[in-house]
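Structural characterization, general
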Amino acid sequence: MSKIQDQDLEIFEAIEREKQRQAEGVELIPSENYTSEAVMEACGSILTNKYSEGYPGKRYYGGQENIDTIENLAIARGKELFGAEHVNVQPYSGSPANTAIYFALLEFGDTVMGLKLDHGGHITHGLPIAFSGRAYNFVAYGVDKETGKIDMEEVRRLAHEHKPKMIVAGFTAYPRDIDWKAFKEICDEVGAISMADISHTAGLIAGKALESPVPYFDVVMTTTHKTLRGPRGAMIMCKEKYAKAIDRAVFPGLQGGPHENAIAGKAIAFKEALQPAYQEYAQQVIKNAKHLAEELKKRDFKLVSDGTDTHLILVDLTNKGVPGKQAQARLDEVGITLNKNTIPFDPRSPMDPSGIRLGTPAITTRGMKEPEMEKIADWIDRTINNIDNEEMLAQIKEEVKEMCLKFPVPGIEI
Ligand SMILES: *Cc1c(COP(=O)(O)O)cnc(C)c1O
């Protein structure tokens, strides 16, 4: 980074401080990860200079011979990784990808079903003030109050009642595996397009640790920067019959020039995900999450749905008497990063909810395993139980840092 240092000290210093934060802290935000140095090199490469509107072989600008090679590799590897019929690697990120899918396959005002936001759905699944909620008529399904799991009978009942044009099965704060076949059956019963948003779990699916919706669903999308461990961005997979509509909706429907530096990063990340070591990573993410969940339960933490099948844990802090916002702030101070989160049927407000959401992808990439999960559970427990004890928090911060420095982060030299 010597060029940044020479030219722009303010940005240089902020990046240096961020490196230190990433190196010294435990990253438990379930949507975050550490991508490889090779992916970062691609993102920071001269590919950022090139305009390439259109698709390989059908571009609107000259000089595309190398860009086409790169985008074709990304597409081929994406198809191989997920067994998809058609892949579009151009979406800038997950939200534009979802918007492109709706724009391709729905008319404005059409009815769509998605998971309630405060039960774990995403803002692109019908938040009233978001584009999705303004442009389409979203009907929300939820989780069962007793089990914390998606109530498939409610999904079926609502689908028959509202006859949606599309059903979205996708989750941003839901700790359980999804019954893709059951969703697809309901879609078929009412003639709805099936759409899976696997942004959170794509890496676990690619690593064969969770079942894939790709064989069943009409359309599947994912971000590429979460469990999948690639650069920031997204991809859309679909059955051949939707390919043209999806491609047209991405470009020129919604986007202009694709970010080929990020697309090169996606190609590299897909190649990494096709290696045997990646399956070990995917399995260890889930092992770590299950172990962390058990360790938290031992310390009397209440988990939504009482556990996890994935990388993600949702904790209800009500019995601890510490609201999610305060927990997030104090844990941040000791170097444990996570986010406050609503829990299903939360009596508190979204800005100051009852829960916290945590996940294991980033710490697993760093090489942490079961013994480290025990330490992390212990630090969370001690922080929550000593929420106003500055001395104790300072002590925990030192312990967190000491452990973290033993697990290097790609691209950061300590
Ligand atoms: C993260 C996420 C997205 C959106 O991704 P961005 O890249 O942040 O726009 C969409 N859907 C789900 C389920 C997500 O978790």
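Treat the numbers as computed from the prediction; the structure is a model and nothing was measured.

**Quick word on the site of the ligand**
Taken together, 13 residues lie around the ligand, and Ser93, Gly94, Ser95, Asp197 and Lys226 are the ones closest in. Asp197 is positioned with one of its side-chain polar atoms (N or O) 2.5 Å from a nitrogen atom of the ligand. Take Lys226: an N or O atom from its side chain is 2.8 Å from an oxygen atom of the ligand. Against a free-state accessible area of 380 Å², the protein chains account for coverage of 86% of the ligand. With respect to the detected pockets, the ligand is housed in the largest pocket.

**Structural notes on the environment of Glu260**
On the secondary structure map, Glu260 appears in helix 11 (residues 260–273). It is 9.5 Å that separates the C-alpha atoms of Glu260 and Asp68, two residues lying 192 residues apart in sequence.

**Focus: the side chain of Arg176**
As for its position among the elements, Arg176 is in the loop between strand 7 (166–170) and helix 8 (180–190). A relative accessible area of 12% means that Arg176 is categorised as buried. Among the polar contacts listed, one links the side chain of Arg176 to the backbone oxygen of Ser305, at a separation of 2.7 Å. Ignoring any residue separated from it by four or fewer positions in sequence, one finds Arg176 in contact with Lys149, Ser305, Asp306, Gly307, Thr308, Asp309 and Thr310.

**Observations concerning the layout of surface pockets**
Its boundaries defined by the atoms lining it, the largest pocket holds a volume of some 1100 Å³. At the level of elements, helix 2 (9–24), helix 3 (37–43), helix 5 (94–105) and helix 11 are the ones that each hand at least two residues to the lining of the largest pocket. Of the residues contributing to the lining of the largest pocket, the split by class is 12 nonpolar, 21 polar and 11 charged. Quantified by volume, the second largest pocket comes out at close to 480 Å³. Around the second largest pocket, the lining comprises 18 residues; the ones closest to its centre are Leu117, Asn339, Lys340, Asn341 and Thr342. In terms of residue class, the lining of the second largest pocket is made up of six nonpolar, nine polar and three charged. Counting the residues that make up the lining of the second largest pocket, at least three belong to each of domain 1 (40–273) and domain 2 (279–404).

**So, the domain arrangement of the protein**
Interfaces are often sized by the accessible area lost when the parts come together. Each domain of the protein was delimited in the assignment, giving domain 1 (40–273) and domain 2 (279–404). Taken over C-alpha atoms, the centre of domain 1 sits 28 Å from the centre of domain 2. Domain 1 puts 24 residues into the contact, and the matching count from domain 2 is 24 residues. Counting the surface lost from both domain 1 and domain 2, the interface buries some 2000 Å², and carbon and sulfur atoms represent 61% of this. Area buried by domain 1 at its contact with domain 2 is led by Pro175, Arg176 and Arg229, which between them contribute 29% of it. Scanning the region where domain 1 abuts domain 2 turns up one salt bridge.

**Brief notes about the nonpolar core**
Nonpolar side chains in soluble globular proteins tend to be buried together. Counting residues in each nonpolar core, the largest one holds 56 residues, and the members touching the most others are Phe82, Tyr141, Ile150, Phe171, Phe183, Ile198 and Met237. Counting only domains with at least three residues in this core, you end up with domain 1 (40–273) and domain 2 (279–404). Residues within four places of Phe183 in sequence aside, it is in contact with Tyr141, Ile150, Met152, Val155, Ile167, Ala169, Phe171, Ile178 and Phe217. Leu292, Leu296, Phe301 and Ile363 belong to the second-largest nonpolar core, a separate cluster that totals 33 residues.

**What to know about the sheet that holds strand 15 (residues 355–359)**
Reading across the sheet, the four strands line up as 11-12-15-14 and stay open at both edges, with antiparallel pairing between neighbours. Either end of the sheet is taken by a strand with one partner, and the two such strands are strand 11 (302–303) and strand 14 (339–341). Relative to strand 15, strand 12 (residues 312–316) runs antiparallel, the two being bridged by five bridges. Across the sheet, the residue bridging to Leu312 is Gly359, located in strand 15.

**With respect to the sheet that holds strand 9 (residues 219–223)**
Read from one edge to the other, the open sheet built from seven strands follows the order 4-10-9-8-7-5-6, with strand pairing classed as mixed. The sheet terminates laterally at strand 4 (86–88) and strand 6 (137–141), the two strands that pair on one side only. Sheet twist, expressed as the average angle between the axes of neighbouring strands with direction ignored, equals 20°.

**Things to note about the pattern of salt bridges**
Tallied over the entire structure, the rule returns 25 salt bridges. A salt bridge links Glu189 to Arg156; its shortest N-O distance comes to 2.9 Å. You can see Glu189 sitting in helix 8 and its partner Arg156 sitting in helix 7 (residues 152–162), a full 33 residues away along the chain. Under the relative-accessibility criterion, Glu189 is labelled partly exposed at 40%.

**Digging into the packing of helix 12 (residues 276–298) against helix 15 (residues 370–385)**
Two numbers describe how helix 12 lies on helix 15: the axes approach to 9 Å, and their chain directions differ by 40°. If you check the angle between helix 12 and helix 15, you find them oblique. Classified by chirality, the crossing of helix 15 by helix 12 is right-handed. Every residue of helix 15 that contacts helix 12 at Gln284, Lys287, Asn288, His291, Leu292, Glu295 and Leu296 is listed here: Glu370, Met373, Glu374, Ile376, Ala377 and Ile380. A per-class count over the contact of helix 12 with helix 15 returns six nonpolar, three polar and four charged.

**Here's the deal with unusual backbone geometry**
The peptide bond linking Phe251 to Pro252 adopts the cis configuration, its omega dihedral lying at 5°. As for its position among the elements, Pro252 is in helix 10 (residues 243–254). Backbone geometry at Ser305 places phi at a positive 70°, although glycine is not the residue there. As for its placement among the helices and strands, Ser305 is situated in the loop between strand 11 and strand 12. For Ser305, a relative accessible area of 11% puts it in the buried group.

Conventions we followed
- Residues numbered from 1 in each chain as written.
- Predicted model: local features only at pLDDT ≥ 70, side-chain atom pairs only at ≥ 80, totals over all residues.
- Heavy atoms only, no water.
- Near = heavy atom within 4 Å.
- Polar contact = N/O pair within 3.5 Å; in protein donor to acceptor, adjacent residues only side chain to side chain.
- Areas by Shrake-Rupley, 256 points an atom, 1.4 Å probe, with all protein chains shown as cover.
- 1 Å grid on protein atoms, 1.4 Å probe; cavity = no way out; pocket = protein on both sides within 12 Å on 5 of 7 lines; lining within 4 Å.
- Sits in = over half its atoms within 2 Å of the grid points.
- Helix = DSSP H or I, 4+ residues; strand = E, 2+ residues; numbered from the N terminus.
- Buried < 20%, exposed > 50% of the residue type's maximum accessible area, 1.4 Å probe, protein only.
- Contact = heavy atoms within 4.5 Å.
- Points joined across faces, edges and corners; volume = space filled by probe spheres on them.
- Nonpolar A, V, L, I, M, F, W, Y, C, P; charged D, E, K, R; others polar.
- Domains from an automatic or database assignment.
- Buried area = accessible area lost by both parts, 1.4 Å probe.
- Salt bridge = Lys/Arg side-chain N within 4 Å of Asp/Glu carboxyl O.
- Core = buried A, V, L, I, M, F, W, Y, C linked by side-chain atoms within 4.5 Å.
- Pairing = 2+ DSSP bridges.
- Axes fitted to C-alpha atoms, helices over the stretch in contact; angles between N-to-C directions.
- Parallel < 35°, antiparallel > 145°, perpendicular 65-115°, else oblique.
- Left-handed = near helix turned anticlockwise from the far one by under 90°.

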